[in-house]
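Below are the chains, spelled out letter by letter.
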Amino acid sequence: MAEPRVETSLKSWDEVKSTTCYMCACRCGIQVHLKDGQVRHIEGNRDHPVNKGVLCGKGSAGIQQHLSPARLTQPLRRVGPRGAGQFEPISWDEALATASGWLAEIRASDPRKLAFFTGRDQSQALTGWWAQQFGTPNFAAHGGFCSVNMAAAGLYTFGGSFWEFGEPDWEHTRLFLLFGVAEDHSSNPIKIGLGKLKARGAKVVSINPVRSGYSAIADEWVGIRPGTDGLLVGALIHELLRAGKVDLDYLQRHSDAAWLLIQDPGGAEDGLIARNEAGEPLVRHRSTGALLPAKEAGDEAALHGACTLADGRKAIPSFQLLVERFLDEAYSPERVAEACSVPAETIRRLAAEIARAAFEEAIELDIPWTDSQGRRHEKTRGRPVALHAMRGISAHSNGFQTCRLLHLLQLLIGSIDVPGGFLYKPPYPKPPPPGIKPAGKPGQVEPGKPLPGPPLGFVTGPEDLLVDVDGQPQRIDKAFSWEAPLAAHGLMQRVIANAAQRDPYGIDLLFLYMANMSWNSAVNVPDTIAHLTATDPDSGDYVIPRIIYSDAYASEMVAYTDLILPDTTYLERWDCISLLDRPISDAEGAADAIRQPVVAPDRDVRPFQDVLLDLGARLGLPGMTREDGTPRFPGGYSDYIVNHERAPGVGPLAGFRGEDGEAKGKGTPHPRQLERYIEQGCFWRSELAPEERYYRFANQAYLDWAVSHGFLPKAEPITLRLYCEPLQRFRLAGQGHGPLLPPERERARLTRYFDPLPFWYQPLEEEAIGDAAAYPLHAVTQRPMAMYHSWGSQNAWLRQIHGWNRLYMARARAEDQELADGDWVALESPHGRIVVQIAVMEGVNPDTVWTWNAIGKRSGAWNLAPDAPEARKGFLLNHLIGELLPEREGGYRYAASDPITGQAAWYDLRVRLSRASPEEAAAAQSQPQFATLPQPPGSADRSRLRQGPAGANHKPDRGTA
């Protein structure tokens with residue numbers, strides 16, 4: 001008798017809707033299952049180009065994010081002191097009238113007095129445009145404290161970058177090297193890719209102080225000392241040059257390796273590229289010795305040898321300068337091994353493996369293509385070595401030059417945009433750097449008028465800086481000033497401190513969105529809280545007079561806000577994942593996506609993007625109002641997505657454009673565009689033909705395709721840059737040359753750090769401490785796979801994985817200090833002291849301690865119970881990080897950041913560790929502790945943070961309600 005069939009997957013839904021996940025920055029496609037209009041289940045969209053159906057634990061737990069009791073439920077106005085968490089509910093009419101009144105006063109007097117900064121939102125194409133129309137230069141998103149070094153270094157070098165602007169060739173690479181990669185960034189695509197590499201037997205090497213996540217499954221883990229990755233890469237380059245393993249043909253055809261550099265020490269143009277009267281770079285013909293424009297030399301440009309220019313000055317190719325630098329013994333494996341904690345023999349072996357994979361195992365695909373010079377190539381040659389790097393590299397004060405070193409390594413072996421190497425994602429590549437310049441110079445900020453350009457961009461010399469005639473910064477965060485000239489993403493981490501110190505000036509309104517700036521996004525939490533609550537000694541008023549904050553959840557920042565505009569969850573709104581912003585393309589095609597509201601809000605909340613457009617219409621901002629004063633987008637953000645045009649035919653979405661909805665990339669707005677996206681699964685994709693997928697910087701078919709889609713203005717080749725001339729322009733200014741000179745205190749910094757060839761230097765805090773024995777340990781964070789910044793700890797499912805965090809340290813070091821797993825220790829830096837619980841492990845650099853990022857919470861925040869483990873045992877390293885470096889000559893204190901881009905140097909932190917006092921250990925509680933925050937009015941029942949009916953499966957040590 002046959003066994004009865006048991007249904008193991010009962011249907012629990014009556015409707016399925018597509019949208020895009022928002023549980024991290026990956027932006028995977030999801031299918032949301034609903035029953036009676038309520039979310040019941042989330043799974044991956046198998047047709048989506050990002051995740052192809054794969055969904056991680058965070059994405060699956062999105063249902064608990066959507067139902068979180070930490071959700072804000074109504075607009076609120078502060079009625080008590082800042083930080084006390086005392087609010088009264090108000091209507092949306094009153095909230096919007098208040099906000100627009102404050103904003104109108106500022107726009108009519110001095111638009112700079114508005115500082116508008118957004119966190120990890122995914123609508124920066126809208127928010128940046130809104131700031132431009134308002135007229136304030138004081139706009140940025142979170143890149144300044146996340147990974148601007150990574151993005152800027154790539155865009156100034158080869159017109160792309162790791163992660164969002166490119167990816168490894170998972171199908172063909174044979175050697176994959178990961179540098180400082182956090183588990184959550186590009187989570188599912190990397191997991192899928194690593195699975196492919198493992199299946200094919202490709203080797204994966206992870207260079208990271210900590211062996212967690214991807215490092216744990218790597219074939220080889222290199223436990224490097226934090227902040228020395230650039231030194232290791234320099235040694236790899238040294239070995240490749242010694243062995244002659246460099247792709248000279250690739251460099252000659254596609255890079256500036258042959259471009260001549262003026263050699264005139266002390267002269268005003270020393271180190272600049274030699275050009276003819278038309279501004280074209282010059283090279284020397286290797287046979288005739290003649291000087292001619294680079295584009296005319298073909299394959300005959302010399303890569304070495306000095307020559308004399310027409311005016312009598314000497315010049316050499318940039319490649320020769322590079323070779324001289326990296327063949328120096330300072331980059332030999334023996335010289336760098338101790339500093340990096342990587343044995344010299346390991347460095348030599350890694351260099352040999354790179355050389356073998358790139359040159360002895362080079363591949364050719366049967367894909368014909370034609371380059372921009374009209375040359376036909378019957379096959380496509382590849383160098384199957386791929387690199388990937390992220391915040392572990394960029395969050396150091398030497399991060400920009402370290403990222404440049406990584407790209408230099410890729411260029412030397414010819415592995416950028418070739419089979420097996422690193423591949424661009426459309427709309428990249430762009431000319432390095434992209435041609436967008438930041439607006440906000442003196443005379444460009446006028447009452448009642450928009451800025452003449454976007455507030456963020458790419459400078460190419462001192463003339464692009466946003467400074468006055470005395471060299472004083474024009475932005476509140478000092479981005480694009482002499483202190484941080486290449487601050488392409490702005491410096492969000494400096495806004496609150498500078499505003500509180502009225503340096504360079506005071507502001508009237510701080511407007512934040514999704515930015516938990518009083519907690520895990522603060523460089524130093526106690527300092528930031530002091531800035532937010534600082535009062536004028538004469539008037540008693542807050543130094544930052546007004547703060548507006550929009551978020552969906554009751555984060556730590558809410559208590560320090562004057563007006564709260566509650567946002568929706570990601571399942572309740574329209575969103576646009578735009579090619580104008582942070583694309584979701586892959587190497588084989590361009591893609592963008594939408595979020596659609598799969599359910600309606602059950603609270604008195606509104607999507608922030610709708611609110612922003614509403615405020616713009618109330619203020620009469622250009623682009624948001626018609627000539628008769630009525631709103632241009634009365635339907636809100638969905639109306640904007642369809643009908644806004646950034647340039648003729650170019651809108652937020654690239655798909656389904658034109659009158660019939662069949663145009664790709666460019667075309668007039670199509671009224672059914674959103675419906676077409678929904679029918680497609682909430683995404684659009686334009687596939688590249690095989691002959692368009694490689695060598696895109698010089699592939700004529702691709703360049704034509706990019707122009708047709710609006711990605712490039714002209715179908716001209718893009719030259720890859722070994723040598724970053726914009727840095728040399730700043731270095732010359734530091735030496736006293738040029739029409740715009742820096743203040744005296746900036747000159748030494750510019751001369752030292754703005755080297756146009758990448759190099760390694762000691763992280764600035766480490767250098768400032770001097771005596772390494774005083775603070776012998778490095779302290780860093782890693783992002784766990786199950787959490788994305790501070791969002792996850794309100795999630796009933798995810799907090800079961802990371803209910804609190806410990807400080808991890810090497811077992812051998814713990815034994816040397818007579819410490820055991822679970823002991824409580826004091827961790828001290830020059831800036832503060834915390835008490836935490838340790839865990840011992842093997843897979844960590846012996847001179848490094850680390851913890852998971854953003855697990856620790858303030859008591860009462862996120863509607864967690866006051867005694868929740870995230871608050872009582874969890875902790876942040878932010879309490880130890882200094883906002884400023886020690887005083888320099890003259891008493892000035894620079895920000896603890898990269899001197900080139902201004903990126904926050906989170907991972908420069910040095911600490912010492914000792915056993916906690918008996919009283920501290922007995923308390924079994926992390927320190928410092930802050931006053932418990934009250935729940936905002938209208939907060940939900942927090943019992944949903946329990947797992948199971950009425951908390952049946954809830955463990956007491958995971959926090960009680």
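What counts as what
- Residues numbered from 1 in each chain as written.
- Predicted model: local features only at pLDDT ≥ 70, side-chain atom pairs only at ≥ 80, totals over all residues.
- Heavy atoms only, no water.
- UniProt positions renumbered as here; feature names shortened; annotations may be inferred.
- Helix = DSSP H or I, 4+ residues; strand = E, 2+ residues; numbered from the N terminus.
- Rg over C-alpha atoms; globule rule 2.2 N^0.38 Å.
- Buried < 20%, exposed > 50% of the residue type's maximum accessible area, 1.4 Å probe, protein only.
- Contact = heavy atoms within 4.5 Å.
- Areas by Shrake-Rupley, 256 points an atom, 1.4 Å probe, with all protein chains shown as cover.
- Lys, Arg positive; Asp, Glu negative; His and termini not counted.
- Charge placed at Lys NZ, Arg CZ, Asp CG, Glu CD.
- Pairing = 2+ DSSP bridges.
- 1 Å grid on protein atoms, 1.4 Å probe; cavity = no way out; pocket = protein on both sides within 12 Å on 5 of 7 lines; lining within 4 Å.
- Points joined across faces, edges and corners; volume = space filled by probe spheres on them.
- Nonpolar A, V, L, I, M, F, W, Y, C, P; charged D, E, K, R; others polar.
- Phe/Tyr/Trp six-rings, centres within 6.5 Å; stacked < 30°, edge-to-face > 60°.
- Lys NZ or Arg CZ within 6 Å of the ring centre and 35° of its normal.
- Arc of directions from axis to C-beta.
- Axes fitted to C-alpha atoms, helices over the stretch in contact; angles between N-to-C directions.
- Parallel < 35°, antiparallel > 145°, perpendicular 65-115°, else oblique.
- Left-handed = near helix turned anticlockwise from the far one by under 90°.
- Polar contact = N/O pair within 3.5 Å; in protein donor to acceptor, adjacent residues only side chain to side chain.
- Disulfide = S-S within 2.5 Å.
- Salt bridge = Lys/Arg side-chain N within 4 Å of Asp/Glu carboxyl O.

The protein appears in an unreviewed UniProt entry as Molybdopterin oxidoreductase family protein from Aquibaculum arenosum. Looking at the Sequence similarities (unreviewed entry) heading of the UniProt record, one finds this comment for the protein: "Belongs to the prokaryotic molybdopterin-containing oxidoreductase family." If you open the UniProt record of the protein and go to Subcellular location (unreviewed entry), you find "Cell envelope".

### So, the overall build of the protein
Scanning the protein from N- to C-terminus turns up 27 helices and 34 strands. Computed over its C-alpha atoms, the radius of gyration of the protein comes to 27 Å, within 12% of the 30 Å expected for a compact globule of 961 residues. Along the three orthogonal principal directions, the C-alpha set of the protein runs to about 90 × 85 × 75 Å. Out of the 961 residues belonging to the protein, those deemed buried represent 64%. Considering only contacts in the protein between residues 6 or more positions apart, those separated by 24 or more positions represent 70%. Within the structure as shown, the protein displays about 32700 Å² of accessible surface, and the carbon and sulfur contribution to it stands at 49%. One way to put it: in the protein the 101 positive side-chain charges average out to a point 2 Å from where the 117 negative ones average out.

### Let's talk about unusual backbone geometry
Outside of glycine, negative phi angles account for most residues, and trans bonds account for most peptide bonds. In this structure, Pro427 follows Pro426 across a cis peptide bond, with omega equal to 15°. Examined against the element boundaries, Pro427 turns out to sit in the loop between strand S22 (422-424) and helix H16 (495-500). Here the bond from Tyr428 into Pro429 is cis, since omega is 20°, no more than 30 degrees from zero. Within the secondary structure, Pro429 is located in the loop between S22 and H16. One non-glycine residue, Arg27, adopts positive backbone phi at about 60°. By the element assignment, Arg27 lies in the loop between strand S1 (15-20) and strand S2 (29-35). Phi at Tyr695 is positive, roughly 50°, even though this residue is not glycine.

### Thoughts on the sheet that holds strand S12 (residues 260-263)
Strands sit in the order S12-S16-S15 across an open sheet of 3 strands; the sheet is antiparallel. The open sheet terminates on both sides in strands that have one partner only, identified here as S12 and strand S15 (307-308). For S12 and strand S16 (residues 314-317), the ladder comprises 4 bridges, and the chain directions are antiparallel. Bridge assignment links Gln263 to a residue of S16, and that residue is Lys314.

### Concerning the layout of surface pockets
Roughly 1200 Å³ of volume is contained in the second largest pocket. Considering the residues around the second largest pocket, the lining is formed by 45 residues, among which Trp259, Pro717, Ile718, Thr719 and Arg721 are closest to the centre. For the lining of the second largest pocket, the secondary structure elements donating two or more residues are helix H9 (248-254), helix H10 (294-297) and helix H22 (725-734). Here the lining of the second largest pocket is built from residues that sort into 22 nonpolar, 10 polar and 13 charged.

### Details of the packing of aromatic side chains
Taken as a whole, this structure holds 36 aromatic pairs when the rule is applied. Ring geometry for Tyr702 against Trp705: centres 5.6 Å apart, planes inclined by 35°, an arrangement best described as tilted. Placement of the pair is Tyr702 and Trp705 together in helix H21 (residues 700-708), with a separation of 3 residues, close to one helical turn. Each member of the pair, Tyr702 as well as Trp705, is classed as buried. Clustering of aromatic rings is evident, with ring pairs tying together Phe158, Phe162, Tyr250, Trp369, Phe422, Tyr424, Tyr695 and Phe697. We note Arg595 situated over the ring of Tyr22; from NZ or CZ to the ring centre the distance is 4.0 Å. Across the ring face of Tyr702, the terminal group of Arg696 is positioned such that the distance to the ring centre comes to 5.8 Å.

### With respect to helix H20 (residues 673-680)
Among the residues of H20, those classed as buried are Gln673, Leu674, Arg676 and Tyr677. For H20, the arc enclosing every buried residue in end-on projection is 160°, short of the 170-degree limit, so these residues lie on one face. Contact partners of the buried residues in H20: strand S27 (589-595), helix H19 (637-643) and strand S28 (683-687). Positive backbone phi, at 105°, marks Gly681, one or two positions downstream of H20.

### So, the UniProt feature "domain: 4Fe-4S Mo/W bis-MGD-type" (unreviewed entry) in the protein
UniProt annotation of "domain: 4Fe-4S Mo/W bis-MGD-type" (unreviewed entry) refers to residues 14-70 when read in the numbering used here. The span residues 14-70 is 16% helix and 35% strand, and its two end C-alpha atoms sit 28 Å from each other.

### Overview of the pairing of strand S32 (residues 832-841)
Burial analysis of S32 places 8 of its 10 residues in the buried class, the great majority of the element. When strand S30 (residues 807-810) meets S32, the two strands line up parallel, connected through 4 bridges. Bridged to Tyr808 within S32 is Ala839. Between strand S31 (residues 824-829) and S32, which pair antiparallel in sequence order, lie 2 residues.

### A word on helix H11 (residues 318-326)
Ser318, Phe319, Gln320, Leu322 and Phe326 are the residues of H11 that are buried. Of the surrounding elements, those touching the buried residues of H11 are helix H8 (229-243), H9, S12, S16 and helix H15 (399-412).

### Notes on the sheet that holds strand S21 (residues 385-389)
The strand order across the open sheet formed by 4 strands is S11-S10-S9-S21, and the pairing between neighbours is parallel. Every interior strand has two partners, whereas the edge strands, strand S11 (220-222) and S21, have only one. Going from strand to strand, the sheet's axes swing by 15° on average, the running direction of each strand aside. Alignment of strand S10 (residues 203-207) against S11, held across 3 bridges, turns out to be parallel. Each bridged residue has a counterpart across the sheet, and for Ser206 the counterpart in S11 is Trp221.

### What to know about the pairing of strand S33 (residues 848-852)
Burial of S33 is extensive: 5 of the 5 residues sit out of reach of the surface. Note: strand S29 (residues 777-782) against S33, 5 bridges, orientation parallel. Looking across to S33, one finds that Val780 is bridged to Trp850.

### Let's talk about the packing of H8 against helix H13 (residues 344-360)
The N-to-C vectors of H8 and H13 enclose an angle of 60°; their axes lie 9 Å apart at closest approach. Here H8 is positioned oblique relative to H13, judged by the angle of their axes. Viewed along their axes, H8 and H13 form a crossing whose handedness is right-handed. On H13, the residues touching Leu232, Ala235, Leu236, Glu239 and Leu240 of H8 are Ile347, Arg348, Leu350, Ala351, Ile354 and Ala355. Residue composition of the contact of H8 with H13, by class: 9 nonpolar, no polar and 2 charged.

### Overview of the environment of Glu556
Mapped onto the elements, Glu556 comes out in the loop between strand S24 (546-551) and strand S25 (563-566). Between the C-alpha atoms of Glu556 and Ser790, which are 234 residues apart in sequence, the distance is 9.9 Å. With sequence-adjacent residues up to four places away left out, Glu556 is seen in contact with Asn516, Ser518, Trp519, Lys857, Arg858, Ala861, Trp862 and Leu933. At 2.9 Å, the side chain of Glu556 and the side chain of Asn516 are in polar contact.

### Considerations on the state of the cysteines
In the structure shown here, the tally under the stated rule is 0 disulfides. The thiol of Cys28 is not disulfide-bonded; the next cysteine sulfur, from Cys26, is found 3.7 Å away. Residue Cys28 is classed as buried on the basis of its relative accessible area, which comes to 4%.

### Some thoughts on the environment of Ser123
As for its position among the elements, Ser123 is in the loop between strand S6 (114-118) and helix H4 (124-134). Classification of Ser123 as buried rests on a relative accessible area of 2%. Spatially, the C-alpha atoms of Ser123 and Asn805 are 31 Å apart, while their sequence positions differ by 682 residues. Beyond its immediate chain neighbours, meaning those up to four positions away, Ser123 contacts Asp581, Gln609 and Tyr637. Only 3.3 Å separates the side chain of Ser123 from the side chain of Gln609, close enough to count as a polar contact.

### Looking at the pattern of salt bridges
Taken as a whole, this structure holds 66 salt bridges when the rule is applied. Arg325 is the salt-bridge partner of Asp755, the closest N and O atoms lying 2.7 Å from each other. With a gap of 430 residues between them, Asp755 in the loop between helix H23 (747-753) and helix H24 (764-769) and Arg325 in helix H11 connect regions that are remote in the sequence. In this structure Arg325 comes out as partly exposed when scored by relative accessible area, which is 23%. When salt bridges with common partners are traced through the structure, they connect Lys478, Glu483, Asp503, Arg745, Glu746 and Arg749 into a single cluster.

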